Structures are given as structure tokens and as C-alpha cells.
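# Structural characterization, general
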Amino acid sequence: MAEALSVMPAAVLRNLADKLYEKRKNAALEVEGIVKQLASAGDHDKITSVITLLTTEFTYSPQANHRKGGLISLAAATVGLTNEAAQHLEQIVPPVLNSFSDQDSRVRYYACEALYNIAKVVRGDFIVFFNQIFDALCKLSADSDANVQSAAHLLDRLVKDIVTESDQFSIEEFIPLLRERMNVLNPYVRQFLVGWITVLDSVPDIDMLGFLPDFLDGLFNMLSDSSHEIRQQADSALSEFLQEIKNSPSVDYGRMAEILVQRAGSPDEFTRLTAITWINEFVKLGGDQLVPYYADILGAILPCISDKEEKIRVVARETNEELRAINANPAEAFDVGAILSIARRQLSSEWEATRIEALHWIAILLNRHRIEVLIYLNDIFDTLLKALSDPSDEVVLLVLDVHACIAKDSQHFRHLVVFLVHSFRLDHSLLEKRGALIIRRLCVLLNAERVYRELSTILEGESDLDFASIMIQALNLILLTSSELSEIRDLLKQSLVNPAGKDLYVSLYASWCHSPMAIISLCFLAQTYRHASTVIQSLIEEDINVKFLVQLDKLIRLLETPIFAYLRLQLLDPGRYLWLFKALYGLLMLLPQQSAAFKILKTRLKAVPSYSFNREQLNRMPSGDYYEFLPQMPDEHEKKDGDVTEDGGSSYSRLNFNQRLNEFQEMQKKHRVHTKSQRTSRSLSTSLPKEAQKEEEPQRQQSIDLNVPPSRSRRNSGQLQR
């Protein structure tokens, strides 16, 4: 210190602390001259002492004017050192950098000015302090004082020039600092950072692309800034990097893909569009590098397919097609389970288009990697079943396509039908609203006869009798009306002459017993008119309730459709189809006379031409149970409906209608007992105290709901009713 005082006049030291800028400036010029003389003499020890004096007594002084004088004198000393300044920078630069955080804005301003002058002198030697200077400038770019900001901008431009010229700049050391600052929200800092990224990327010797994953997320974050200028700068920088990626032979797609996936879900529209555009390019360029990230990418694409912005939807769909076109191998890190998980999750999306594409992906995976998909079947099966309740018909049809693909194996077929029945049991509205669509589609995809046989087998032993009755009525209506089941209807029409038809008839009969009207319909379809007449006559008072009459009304109307044209034409030959007449008249007798169905059937029967009848035929028609006539075979001229078979013999012994009738009566007996039990339960509940009634209400309501008949008898024949 004493050595420094020996070369520094007291007047100079006094003026350095003066409140007037001119005096401080003149004193600094004298310091420059003193240091220049010492440098010429090579007396660096005294130079070190002078710098130490200026630092300790001035730049670290509690007095603001002292600090100002110290900063300007350090810059002057650097100018005096000229080419020899580099060896003293370790003393000069740190106190200046420290002054950037001074509470006095004028001190901060002078610090910028001092460092600017120092940088002009030392140029490339300045790089060793780059990180500290960058950090300081980053803070000053958001300074509350406009003059300080302006000074910082000037210094920033000079530092950028120095860095672009220098071969000593270390990008590896700089990137951690940049990454740390990228999430700052201050708009001035953001502009500062984007400016530096752009400048460094323009330097040929600096590989910013290789470090892009470190600050890519921060750039995307800036796309949603409130400042249009910042958004524009960030977008410009990203566009430049994307172009470099297209032209680069080696890019780390993986790390960036993770960032893009997150940004594709941004609430900001512009950010989503930019992210999905990048993903689109990555899918085209990335190749095998992206295989481990396919699931994440798909998770980003599927929601964007339903984006409110058309541009995003277009790019997302294009990307989805590109991704689907890549046939990756599970042995090459292609995670089938992860993609299935994404598709399953997107099945719960509120957007129809996303749900549809998710189903397409499941179908594609089933076709390409069936074995791997079936391993994860338990994880997706319940979700696929729930999707059958989707409000979109297109989604439901696609779900059924997926189910059908799974059900190619017999064990999975059984599994599907069992769960389908279970779903209908739990949600009757699903059966009512979507039952026809689901059953018809499955019949197309999985063979109608196979589907109906399996459903019949399951429903035959159904413990919930109310549900079984509703389900059978629904299946029967589909059987009688759907074009997809025409082959089954044709086969059933041959039940008396074709072993396959007989086998199907018997297979359906056991479960169709849950509904009297379904059995009668089945008999009409199979042309077992004798048995139909017997079933009608076996009905007792308890069977003929409101629900039965509603179903009967529906059957009468169906008899007028093209499906039953053959039956109506058979009325022209009463000599052969006497049992058909008896069955139809039996139904007529069950209908209320004032009902529309009564008038329809009566009109149809009256339309039969009178010449078709003769008294001998009518007298020959038995009035009692026809089973007593079974041992008697009619001669060639007296063959009745249901008697003729392929080999000329009788089919009744082979179909064993006595056994069928017993099955029907036993099942109806179960239904009667069940109905009585429900009535008893309801009667007891009405006699309970009010408190107990409240506890029983949920269960009672369920029973009541299952027994309420439809409010209208006229329903659309294509809609399933309970």
C-alpha cells in the first residue's frame, strides 16, 4: 500500500473520490499515465500495488463516489497497461463484476462503462471471465434503471463480438449456465438469452446444435411469452435449429423428443403447433433412434388429432400416418405394451377423433404383433368393453372390430361374449341403445351362427331371469329383423328337413324359453307350427301380462314384414298349413279386440281366399293337443305343415317336441315363481315402517324398474326394448 501511495499523488486520490464526474475523470487520466510509465519501466509490482489500492480503498468503499472513482480508475489503469493488461486482469475484473450488483444505479452504470473499456483493451484475454460476465449481463438486462440497461446492451454487443472472434470460448462450460437461465420469465432476460443463442449458433466453430437438448425446452417456453417480439425471436431461433437438424447427419433425437412430447400438450396454440411440427420432422428423419420413444410420441399426437386448430390437426394426422407406416420390431426396443397403454388411455378422451385413432392403433398392433398384444389383453380388455358404451357409433364399430380380432381364438371368443353379456346385465341401457348395433356387427365379424349359439349357451343358465328375458327378446328381435342374420333365418327355416337347421333350432330353443313370444317367433321362423300352437295353448293367465302383450303386438307387426312373406304365402295352402292357422288364431284370441294388432291379424286372416278351405279339411283338423296324433302318419295326400322331411319321414321324433315343450314349461315355471317372489317382496316393503322403507328403497326401485313395461306399444322395429 505504501508503495502505491509513493507513486499516486494525494491530489489524484482525492479527486477520484470527488462528487464531480469531471474531477474523477481527470484523476483517472492521471492514473492511466502513472500506470503507463510503470508498465514502460516493467515495474509490475508497483502496478499490482496501485490496482490493490484502487480496489480496496475505492471500489469496495462504502462511499458511492469512491466506488465510482475506483471503477473509472481501474478502466484507466487497463488502458495504461495496453498489451500487458492480461496479467493483471485477475485483480481488475472481479471488483468491477462485483459492482454490477451495487445498490446505487450510477455505480452499476459506471461498472458497465468500466468493463466495456477494459474489454476493448484486452479482447480475447477477456474470455476467461466470460461466464461471470454473462451472468452479470443477464441480470443487468433486466435492470430497473434504463440507463444501466442501455449501458449493459452496449457492453453485451462488445462481448458478443469478442466471443465470435475468439478461439478460447468454451461452449461446454457455458451451456450449464445458459440452461440454468432459460426458465427465467423476465422478458428482458429472455431477449438477452435468445440473442446469445442466435449469435453463438452463427459461429461455425461452435456446435450449438449438439447442445440443443439443454436449452430447447426454454426456447419452447418463450413461444407463449406475452411479448410478440420475444415469441418471434424464439420462433426464428427454433426454425433455424430445425433447418440445421434436417441438414445434420447426426442428431440426438431422443432427448429432444421427450421435450417435444411435453410441449405438444401446451395450452398455448402456437407452442403446440411448433412442437407437433418438430415431431413430424423427427418421425420422418429419426428412424431407429425414435423407436424407444414411439409410445411417448403417440401420446402427444393422438390428442392433437382433435385439436381445435386446423393446422395442428393436419400436422398431427400426417405424423400419425407416418408413424403407422413404420413397421418396428419388438425385438428392437419397440414397446408394444407402452403403445397399448397410450392407446387405452386415449380411449377415455373426450374427443371422438382421438378415440377412433387410438382404436386404429390397437387394431394395427393386433395385426402386426398379435402374440405380444395378447400378453397385455387383461390390461386393455375392460377398457375396450367400456368403450362399447361410447356415444359415437363409429367408435363402437371400431371397438367391435378390435374385439373380433381378439376373438379369433376360441378362448378369447368365449371371454368376449361372457363379458358382453355381463356388460348388458349391468347396464340395461347399453342393451337398449346399442345392443342391436353390437350384436349385428359381431355377427358380421365373427359368424352369426357362432355368436348366437354362444349367447344362447350363456343365457340358458342365466340366474337373473328378468335380464335373461329382456336379452332373449332383444336377440330374437335382431334375429327377425337384421339383414346380417339372413343366413341364420334361412337355416332355421330348414329345421324340419336339414340336420344343421335342426341343430341350430335346438341350440337356441333352451335359452329362447325365457320368453314365450321369442319361442313362438322361433317356431314361426322354423315352420314348426304345430309346436307353436301347442306353446300358445300351454300359456296360462299369469303368462299373459302387459309385457307379453307388448311383445305380441310387436310380433304381429313383424309378420307383416318381408321377413315373413313365406308365412303369409303359406296361408294360401290351408290344407297343408292347418297348424299355422291354428297358431295364428290362437294369437288372435290372446289379443285385446280393440288393439291395433288384433285388427291387423284379423284382417290378414280374413284376406285368405275362401276357396282355399273345404269343410273336410277343417273337420280333419284336431282340436286338442296334437301330440296325441304323433303316432299316426298322414298319407301322401294329408301331409300337414311340419311333417315333411328330406327323407320322407317324420322329423318330430328327431326334434323331440315333447322334450322341447317340457323345457319351455319348466322355464316358465321358474319365471312365475320369480315374479311371485318379487311381488311378495314388494308387498312386504310397503308394510315396513317408513324408516325401513328408506333403507329398502334402492333395492326396491331396481326391481320396479326391471318390470316396468314400455310406455308405448308402437316402437321402431330396429330399436331394442326391455
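Just so it is clear, the model here is predicted, and its values are computed rather than measured. (Residues numbered from 1 in each chain as written. Predicted model: local features only at pLDDT ≥ 70, side-chain atom pairs only at ≥ 80, totals over all residues. Heavy atoms only, no water.)

## Observations concerning the overall build of the protein
Helix and strand counts for the protein stand at 38 helices and zero strands. For the protein, with 722 residues in total, the buried portion stands at 52%. Nonlocal contacts in the protein, meaning residues at least 24 apart in sequence, comprise 72% of its contacts between residues at least 6 apart. When the accessible surface of the protein is split by element, carbon and sulfur atoms take 48% of a total near 33200 Å². (Helix = DSSP H or I, 4+ residues; strand = E, 2+ residues; numbered from the N terminus. Buried < 20%, exposed > 50% of the residue type's maximum accessible area, 1.4 Å probe, protein only. Contact = heavy atoms within 4.5 Å. Areas by Shrake-Rupley, 256 points an atom, 1.4 Å probe, with all protein chains shown as cover.)

## A look at the UniProt feature "repeat: HEAT" (unreviewed entry) in the protein
Annotation from UniProt places "repeat: HEAT" (unreviewed entry) at residues 92–127. With 72% helix and 0% strand, the stretch residues 92–127 has end C-alpha atoms that lie 14 Å from each other. (UniProt positions renumbered as here; feature names shortened; annotations may be inferred.)

## Regarding helix α33 (residues 578–590)
Along an α-helix, a turn takes 3.6 residues, which lines up residues three or four apart on a common side. Look at α33: 19 Å from first C-alpha to last across 13 residues, which is about the 18 Å you get at 1.5 Å a residue. Counting buried positions along α33 yields ten of 13 residues, so the element is predominantly enclosed. Those residues of α33 that sit buried are Leu578, Trp579, Leu580, Phe581, Lys582, Ala583, Leu584, Gly586, Leu587 and Leu588. (Expected span 1.5 Å × (residues − 1).)

## Notes on unusual backbone geometry
For Thr82, which is not a glycine, the phi torsion comes out positive at approximately 50°. With respect to the helices and strands, the residue Thr82 is situated in the loop between α5 (64–81) and α6 (89–99). If you check the backbone angles, Asn447 has positive phi at about 80° while not being a glycine. Residue placement: Asn447 occurs in the loop between α24 (428–446) and α25 (448–460). The partly exposed category is assigned to Asn447, whose relative accessible area is 45%.

## Looking at the environment of Asp214
Among the structural elements, Asp214 can be located in helix α12 (residues 212–222). Here the alpha-carbon distance between Asp214 and Arg255, two residues 41 residues apart in the chain, equals 9.0 Å. When neighbours within four sequence positions are excluded, Asp214 is seen to be in contact with Ile175, Arg179 and Arg255. Polar side-chain contacts of Asp214 include one of 2.6 Å to the side chain of Arg179. (Polar contact = N/O pair within 3.5 Å; in protein donor to acceptor, adjacent residues only side chain to side chain.)

## Examining the packing of helix α9 (residues 146–165) against helix α11 (residues 187–201)
Interhelical geometry of α9 versus α11 gives an angle of 15° and a closest axis separation of 11 Å. In terms of their interaxial angle, α9 and α11 are classed as roughly parallel. α11 is crossed by α9, and the crossing has right-handed handedness. Of the residues in α11, those in contact with Gln149, Asp156, Val159, Lys160, Val163 and Thr164 of α9 are Tyr188, Phe192, Gly195, Trp196, Val199 and Leu200. For the contact of α9 with α11, the per-class residue count stands at seven nonpolar, three polar and two charged. (Axes fitted to C-alpha atoms, helices over the stretch in contact; angles between N-to-C directions. Parallel < 35°, antiparallel > 145°, perpendicular 65-115°, else oblique. Left-handed = near helix turned anticlockwise from the far one by under 90°. Nonpolar A, V, L, I, M, F, W, Y, C, P; charged D, E, K, R; others polar.)

## Brief notes about the confidence of the model for the protein
When pLDDT is averaged along the protein, the result is 85, and 88% of the positions lie at 70 or above. Confidence over residues 623–653 falls short of pLDDT 50; this stretch has 63 contacts with residues more than four positions distant or in other chains. Per-residue pLDDT stays below 50 along residues 692–722; that stretch engages in 49 contacts with residues further than four places along the chain or on separate chains. (pLDDT = per-residue confidence, 0-100.)

## Regarding the side chain of Asn221
Along the chain, the position of Asn221 falls in helix α12. Not counting the four nearest positions on each side in its chain, Asn221 is found in contact with Asn183, Arg190 and Arg263.

## Regarding the side chain of Ser266
Take Ser266: it is sitting in the loop between α14 (253–263) and α15 (269–286). Classification of Ser266 by relative accessible area gives buried; the value is 9%. Separated by 3.1 Å, the side chain of Ser266 and the backbone nitrogen of Asp268 make a polar contact. Leave out the neighbours within four places in its chain, and Ser266 touches Thr271 and Arg272.

## Things to note about the packing of aromatic side chains
On inspection of all chains with the given rule, the structure shows 22 aromatic pairs. Taken together, a centroid distance of 5.8 Å and an interplanar angle of 75° make the contact between Phe220 and Trp278 edge-to-face. One end of the pair, Phe220, is in helix α12; the other, Trp278, is in helix α15, with 58 residues separating them in the sequence. In terms of burial, Phe220 and Trp278 fall into one category: buried. (Phe/Tyr/Trp six-rings, centres within 6.5 Å; stacked < 30°, edge-to-face > 60°.)

## Describing helix α34 (residues 596–606)
Three or more residues of α34 are buried, namely Ala597, Phe598, Leu601 and Leu605. In an axial view of α34, the angular spread of the buried residues amounts to 100°, which keeps them on one side of the axis. For α34, the exposed residues lying more than 90 degrees away from the buried face are Thr603 and Lys606. The elements touched by buried residues of α34 are α31 (546–558) and α33. (Arc of directions from axis to C-beta.)

## Some points on the state of the cysteines
Scanning all chains against the criterion turns up zero disulfides. Of the cysteine sulfurs around Cys513, a residue in no disulfide, the closest is that of Cys523, at 9.2 Å. The exposure class assigned to Cys513 is buried, which follows from its relative accessible area of 1%. (Disulfide = S-S within 2.5 Å.)

## Considering the pattern of salt bridges
Per the counting criterion, the structure on display carries 35 salt bridges. Asp543 is paired through a salt bridge with Arg672; the nearest N and O atoms lie 2.8 Å apart. In this pair, Asp543 is assigned in the loop between α30 (529–538) and α31 and Arg672 in helix α37 (residues 657–687), connecting sequence segments 129 residues apart. Neither Asp543 nor Arg672 differs from the other in exposure class; each is buried. Its salt-bridge partner being Glu666, residue Lys669 comes within 3.8 Å of it at the nearest N-O pair. Pair noted here: Lys669 and Glu666 are both in helix α37, with a separation of three residues, about one helical turn. Connected through shared salt-bridge partners, Asp135, Lys139, Glu180 and Arg181 make up one network. (Salt bridge = Lys/Arg side-chain N within 4 Å of Asp/Glu carboxyl O.)

## Looking at the packing of α12 against α15
Axis angle and axis distance: for two packed helices, these are the angle between their axes and the distance between the axes, and together they describe the pair. Two elements in contact, α12 and α15, have axes whose closest approach is 11 Å; the angle formed by their N-to-C orientations is 150°. When the interaxial angle is binned, α12 and α15 end up roughly antiparallel. On α15, the residues touching Leu212, Leu216 and Phe220 of α12 are Thr271, Thr274, Ala275 and Trp278. The residue makeup of the contact of α12 with α15, split by class, is five nonpolar, two polar and no charged.

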